[in-house]
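Architecture and fold: a report
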Amino acid sequence: VPAPLKSLTIKSCGLKELPEEFGMLTSLSELNLAGNRLSALPHSFVDLMSLKRLNLDQNEFKKFPDVIGSMKRLSHLSIDGNSFSEEEKARI
């Protein structure tokens, strides 16, 4: 049986979206998606119950992904370099 994936880095790949199947990586504790072109996260992201560290720096988010609010174990979130409006920054 292969060991479950704990850490994943997909940096600076021009990625515009993640597949809904991403939620199947339930043992993931660290995810680095910095430097892509993401503007949203799939609904299945809520299934990443083990995720503790998430880096979304330098993407194209204009709205904070609400799914992140339901991630109970998340202890480190980095969202620098996105295109949040001033009112969205205030909401965050």
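This text gives an overview of the structure that appears in the document. (Residues numbered from 1 in each chain as written. Predicted model: local features only at pLDDT ≥ 70, side-chain atom pairs only at ≥ 80, totals over all residues. Heavy atoms only, no water.)

Topic: the sheet that holds strand S1 (residues 7-9)
Taken together, the four strands give an open sheet; going across it, the order is S1-S2-S3-S4, and neighbouring strands pair in parallel fashion. Pairing within the sheet leaves two strands with one partner each, and these edge strands are S1 and strand S4 (76-78). Recorded for the sheet is a direction-independent mean angle of 0° between the axes of neighbouring strands. Note: strand S2 (residues 30-32) against strand S3 (residues 53-55), three bridges, orientation parallel. If you follow Leu31 over to S3, its bridge partner there is Leu54. (Pairing = 2+ DSSP bridges. Helix = DSSP H or I, 4+ residues; strand = E, 2+ residues; numbered from the N terminus. Axes fitted to C-alpha atoms, helices over the stretch in contact; angles between N-to-C directions.)

Some thoughts on the side chain of Asp57
As for its placement among the helices and strands, Asp57 is situated in the loop between S3 and S4. It is Lys11 that comes nearest to the buried, bridge-free Asp57 among opposite-charge side chains, at 8.2 Å. Within the structure, the side chain of Asp57 is placed 2.6 Å from the side chain of Ser78, a separation counted as a polar contact. Within polar-contact distance, the side chain of Asp57 engages the backbone nitrogen of Ile79 at 3.3 Å. Beyond its immediate sequence surroundings of up to four residues, Asp57 is in contact with Leu33, Ala34, Gly35, Ser78, Ile79, Asp80 and Asn82. (Buried < 20%, exposed > 50% of the residue type's maximum accessible area, 1.4 Å probe, protein only. Lys, Arg positive; Asp, Glu negative; His and termini not counted. Salt bridge = Lys/Arg side-chain N within 4 Å of Asp/Glu carboxyl O. Polar contact = N/O pair within 3.5 Å; in protein donor to acceptor, adjacent residues only side chain to side chain. Contact = heavy atoms within 4.5 Å.)

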